[in-house]
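Coordinate analysis (summary)
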Amino acid sequence: MSKSRLIGTTAALVAAVGAALFAGSFLPANGDPILSAANAADTAAPLYYQDPDGKPLYSPTPKKTEDGRDYVAAPAPSDADEPKGEHKADRKIKYYRNPMGLPDTSPVPKKDSMGMDYIAVYDGDDSDDGSVRLSPGKIQRSGVKSEPAELRRLRTLVRAPGTIQLDERRISVIAMRAESFVQKVADVTTGSRVTKGQSLMEIYSPAVSSAAAEYLATITSKTTAGIEPYGRGSRQRLVNLDVPDPVIAEMEKSHAVPITIQWSSPRDGIVLQRNAIDGMRAQPGDILFRIADISLVWANVDVAERDLGGIAVGQPVTVRARSYPGRDFGGRISVIYPQLNKETRTARIRIELANDDLALLPDMYVDAAIDTGNPAPVLSVAESAVLDTGSRQAVLVDKGQGRFEPREVKLGRRGDGYVEIRDGLAEGDVIVTSANFLIDAESNLKAALKGLAEGGNVQGTNAQGTDAHGGHAMGGKP
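What counts, and where the lines are drawn
- Residues numbered from 1 in each chain as written.
- Predicted model: local features only at pLDDT ≥ 70, side-chain atom pairs only at ≥ 80, totals over all residues.
- Heavy atoms only, no water.
- Helix = DSSP H or I, 4+ residues; strand = E, 2+ residues; numbered from the N terminus.
- Buried < 20%, exposed > 50% of the residue type's maximum accessible area, 1.4 Å probe, protein only.
- Contact = heavy atoms within 4.5 Å.
- Phe/Tyr/Trp six-rings, centres within 6.5 Å; stacked < 30°, edge-to-face > 60°.
- Lys NZ or Arg CZ within 6 Å of the ring centre and 35° of its normal.
- Pairing = 2+ DSSP bridges.
- Salt bridge = Lys/Arg side-chain N within 4 Å of Asp/Glu carboxyl O.
- Axes fitted to C-alpha atoms, helices over the stretch in contact; angles between N-to-C directions.
- Parallel < 35°, antiparallel > 145°, perpendicular 65-115°, else oblique.
- Left-handed = near helix turned anticlockwise from the far one by under 90°.
- Nonpolar A, V, L, I, M, F, W, Y, C, P; charged D, E, K, R; others polar.

**A look at the overall build of the chain**
- Assigned secondary structure in the chain consists of eight helices and 30 strands.
- Scored against the burial criterion, the 478 residues of the chain give a buried share of 35%.
- Sequence separation of 24 or more characterises 68% of the internal contacts of the chain that already satisfy a separation of 6 or more.

**Focus: the packing of aromatic side chains**
- Per the stated rule, a full pass over the model turns up one aromatic pair.
- Between Arg327 and the ring centre of Tyr324, over which it is positioned, the NZ or CZ distance is 5.8 Å.
- Directly above the ring of Trp298 sits Arg350, whose terminal nitrogen or CZ lies 3.8 Å from the centroid.

**A few points about unusual backbone geometry**
- Although it is not a glycine, Arg345 sits at a positive phi angle of roughly 55 degrees.
- Turning to its location among the elements, Arg345 is positioned in the loop between β21 (329-341) and β22 (346-354).
- Phi is positive for Leu358, close to 60 degrees, though the residue is something other than glycine.
- Leu358 sits in the partly exposed class, given a relative accessible area of 22%.

**A short note on the environment of Thr190**
- Its place among the elements puts Thr190 in the loop between β12 (180-185) and β13 (193-194).
- Counting along the chain gives 99 residues from Thr190 to Phe289, while the straight-line C-alpha distance between them is 9.0 Å.
- Once residues within four sequence positions are removed from consideration, Thr190 is found in contact with Val271, Leu272, Gln273 and Arg274.

**Some words on the pairing of strand β23 (residues 365-371)**
- The buried fraction of β23 amounts to five of the seven residues, a majority that puts the element mostly inside the structure.
- Two strands pair when backbone bridges link them, and strand β10 (residues 157-166) and β23 are joined in this way by seven bridges, in the antiparallel orientation. Paired with Gly162 across the two strands is Val366, which belongs to β23.
- In terms of strand pairing, strand β20 (residues 316-321) meets β23 through five bridges, oriented antiparallel. Within β23, the position partnered with Arg320 by the bridge is Asp367.

**Brief notes about the pattern of salt bridges**
- For the structure on display, the rule yields 24 salt bridges.
- For Asp67, the salt bridge identified is with Arg69, shortest N-O distance 3.1 Å.
- Since its relative accessible area comes to 54%, Asp67 is described here as exposed.
- The partner of Arg153 in a salt bridge is Asp371, with the nearest N and O atoms 3.3 Å apart. Residue Arg153 is located in the loop between β9 (150-152) and β10, and its partner Asp371 is located in strand β23; the two are separated by 218 residues in the primary sequence.
- What you see here is one network of salt bridges that share partners, running through Asp167, Arg169, Arg170, Asp293 and Glu352.

**Details of the sheet that holds strand β16 (residues 269-274)**
- Reading across from one edge, β11-β18-β16-β13 is the order of the four strands in this open sheet, with antiparallel pairing throughout. The sheet terminates laterally at β11 (171-175) and β13, the two strands that pair on one side only.
- The sheet contact formed by β13 and β16 spans two bridges and is antiparallel. Within the sheet, the bridge partner assigned to Val194 lies in β16 and is Gly269.

**Examining the packing of helix α5 (residues 206-220) against helix α6 (residues 232-240)**
- Between α5 and α6, the least distance of the axes is 8 Å, while the angle of their chain directions is 155 degrees. Here α5 lies roughly antiparallel to α6, going by the angle between them. In the packing of α5 onto α6, the handedness of the crossing is left-handed. Of the residues in α6, those touching α5 at Ala207, Val208, Ser210, Ala211, Ala212, Glu214, Tyr215 and Thr218 are Ser234, Arg235, Arg237 and Leu238.
- Residue composition of the contact of α5 with α6, grouped by class: six nonpolar, three polar and three charged.

Below you can see the structure in the form of C-alpha cells.
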C-alpha cells in the first residue's frame, strides 16, 4: 500500500470515529433527539455573579450583599457578549471591522488576506460621549477591577542616610586668659563623663591672685566696705579672667586669697579633649579641656534633590541607628542647609534628636525616615488607576452596566500606593484600577474604526482592501 493511500485511509477512520463519538456524546440514553442550543445554554453554569444593583462588584461563586440579597448570575459566555433584552439578529449592522484590529472596515461581509471573516459592528456598540462599552463577558475575562475614589491621608516617607554630629551650641572650651600653671589635674581623661561644677584641675595664676587680692582689699577696707560702686571693677576683673563663680563667692565669704584655684566643668557632658598636664605652663588661649553635652545631638542627613519639595522645617523624623536595630529615635527637622551638592545632587538636612541615655555617639551612622505626608486627608485613587502619557494623565470612570468613561485628572502627591487627585474627580467616583490599559486599547480601537467609518472609507471595499474603482481603502489614489 502506498504512503498516500495509507494516510487517506487513516484520516477516514479518524473522521468516522469522531463522528460516532460526537453523536454518542449528544444522544441521550432514551433515544431523544440531540439537545438544542437553548437547552445547553440553560444547563450551563453561570459565568460569574454580579451585584444586584449593577455595581462593579463580581464574584466567581454565589454570594450575598451586606443586606442579604443574592448576587445575580451572569449568562454563559455565548450570551455574555449580548446586550440585555436584545439579540444581534434584531440590531442593525453598521459596518464590518478587520478581525486583526487593523484600521480597515467594510460595509459588507468579507474576509481578510488570511481568510478570516470581518467582525460585525452593531448599533450601540460605540457611543458619542467618549465612553467605551464592554460586555460582562469581556469584563470578567479581562480581570477588570474598580474601587471608589476616597479621602485618604497619604503617608510618604523619604529615606536618607546620615551621621550623628555634636550640637555646636553645647560645646565648651576651657582655656586660660592669663599666664597660668597647672598645679594638679583631676582624674579626668578623654571620654570621661563629667557634671557641671565638677573639679577638673588646680590652677595658679599670678594675674588671678593679684586681681583677687585687690578685690578683697576693696570689699574689706573700712573706707569702702559696704559702698556699692567700690569693688565692682575689681570683681569684674576676676570675671574677665574667667574665674569660676563658686571661687569668687568663696573668696567673698572667707576674705582670703587662695593660692590655687579649683577650675570646674561649665556643663554636663563628655571630655572630648584633655591637654592639661600636671605642672605645665599654660599661655593665654591654650585649650586645656574641650567638653560637649550630648544629651541633644544632630543627625545630618543627605536628601535627594527630587524629594526637597515635600520637606519643611518642623516635620517629624524617625531615625534608626545601625548599632541599635529595632529602636527608633524621634526628632524634628531644624535646618535645611541652603546649598546643594552638585556632585551627588543632595541637600543636607539637620535633625535634632534627644539623647537622654547617651546612646547616640558622634559620627555614628543612622538612617532617617521623613514623613512628608499631609495630615489632612485628600482625594486619592490607586496608582495603578492612572494612565500617564507623560504630558497628560487620565483615569477610567466605571459608569456601570459595562460603560467606562475616560477622565483627565491632575495629580498631586503619592504615597502608600495611592496618588492624590487635585482635579477631575469627585469623592465616590468608581475608578478602574486593574486592566485599564486593555480598556484604553479597546477605546482607541473603537474610536479609530468609528472615525474611519464616518470618514467615508468604508464604501465599496473588497476583500483585497480596494474599492470598486481600484482605490485603496485607506484613502489611496486610484
